Each structure stands twice: as C-alpha cells, then as structure tokens.
Amino acid sequence: MSLFQKFTSASPDPVHPSEEPEVQSIINNLNNILNTRKDYGSPLPDFGIRDLNEYTSRDQIAHAVMGEVKRNIEQYEKRVELISITVEQSPNIFQLSFKIECRLRDQEKNLRMIFDSVFNNCYVDRWT
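Within every chain, residues take consecutive numbers counted from 1 along the sequence as written. Where totals are concerned, whole chains, interfaces and linings use all residues; where local detail is concerned, this predicted model gives features only for residues with pLDDT of at least 70, and gives and counts side-chain atom pairs only at 80 or more. Just so you know, side-chain values use all the structure's heavy atoms and leave hydrogens and water out.

Draft legend 1. Layout of the sheet that holds strand β2 (residues 95-104). By the convention used here, strands pair only if DSSP detects at least 2 bridges between them. Where helices and strands are cited, they refer to DSSP runs of H or I of at least four residues and of E of at least two residues respectively, numbered from the N terminus. With antiparallel pairing, the four strands of this open sheet are ordered in space as β1-β2-β3-β4. The open sheet is flanked by β1 (81-88) and β4 (121-126), the only strands paired with a single partner. For this sheet, the mean angle separating the axes of adjacent strands, direction not counted, is 25 degrees. One ladder, built from six bridges, connects strand β3 (residues 107-116) with β4; its direction is antiparallel. Bridge pairing in β4 links L111 to R126. Contact criterion: two residues are considered in contact whenever any of their non-hydrogen atoms come within 4.5 Å of each other. Axes here mean lines fitted to C-alpha atoms, for a helix over just the part in contact, with angles spanning 0 to 180 degrees between N-to-C directions. Those strands touched by helix α2 (residues 21-34) are β2, β3 and β4, and its axis lies near 170 degrees from that of β4. Those strands touched by helix α3 (residues 58-76) are β1, β2 and β3, and its axis lies near 30 degrees from that of β2.

What follows is the structure in structure tokens.
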C-alpha cells in the first residue's frame, strides 16, 4: 500500500473493482515507476525510465524499453518476480505493447504494458 493510500479513504480502483488489493497495489506501483523519468520526480538516483530519444527505430526502442522495465521492476517492485517481457502486436504504429509475465507469491500473474512512444509513457494493467 502506498503512503498516499494510507491517508485516504478512497474506494478501490473503479476500473478494477474486484482486483485483489495487493495486485492492484503492484499495478499502481509499476505505473508510477514506469511513468517516472529517471532523474526527475524522485530522489532515488536510478528510479524510473531514462530518456529514450536517442533511438530512432522501433526495434531499438523496444529493446531499450524492455531493459529499462526489467531493471526497474527488479529494483523497485520486490513483490514481483519477473519471468519475461515480450513485444506484442499493437494496432497503433506509435505504440509499443509488451506482455510482462511475473510471479507473485507462487502464482503467475500476467500483466500488459503499453508504451506510447510519442508521449513516452507507460500503462500497466492486468492481462486478460
């Protein structure tokens, strides 16, 4: 549970009202981690995704994003054991979509991550 959640009485996420609280907490944390730019918005020196503007091809961006996601999950979301990150097909040519497979308390949970290469942001959600 995040510090902010401890001081609010907000109801569960309206998009995922039946989601287990710990899974929703992990998804929220991953969204925070992966949408924070490295060296901006956090006192931690290696927190967040670094600037990826140096890459020009979709493959280079995908490879760099997967490396950054792996590093951040392993370092800042200890409740999750990362199994794999794979690129998924996306109908929007300006988005890269990834499937993150992870294990939580001996259970496999699949998460979906969409990376918008135009706005350089991520969205993590439960894989259906």
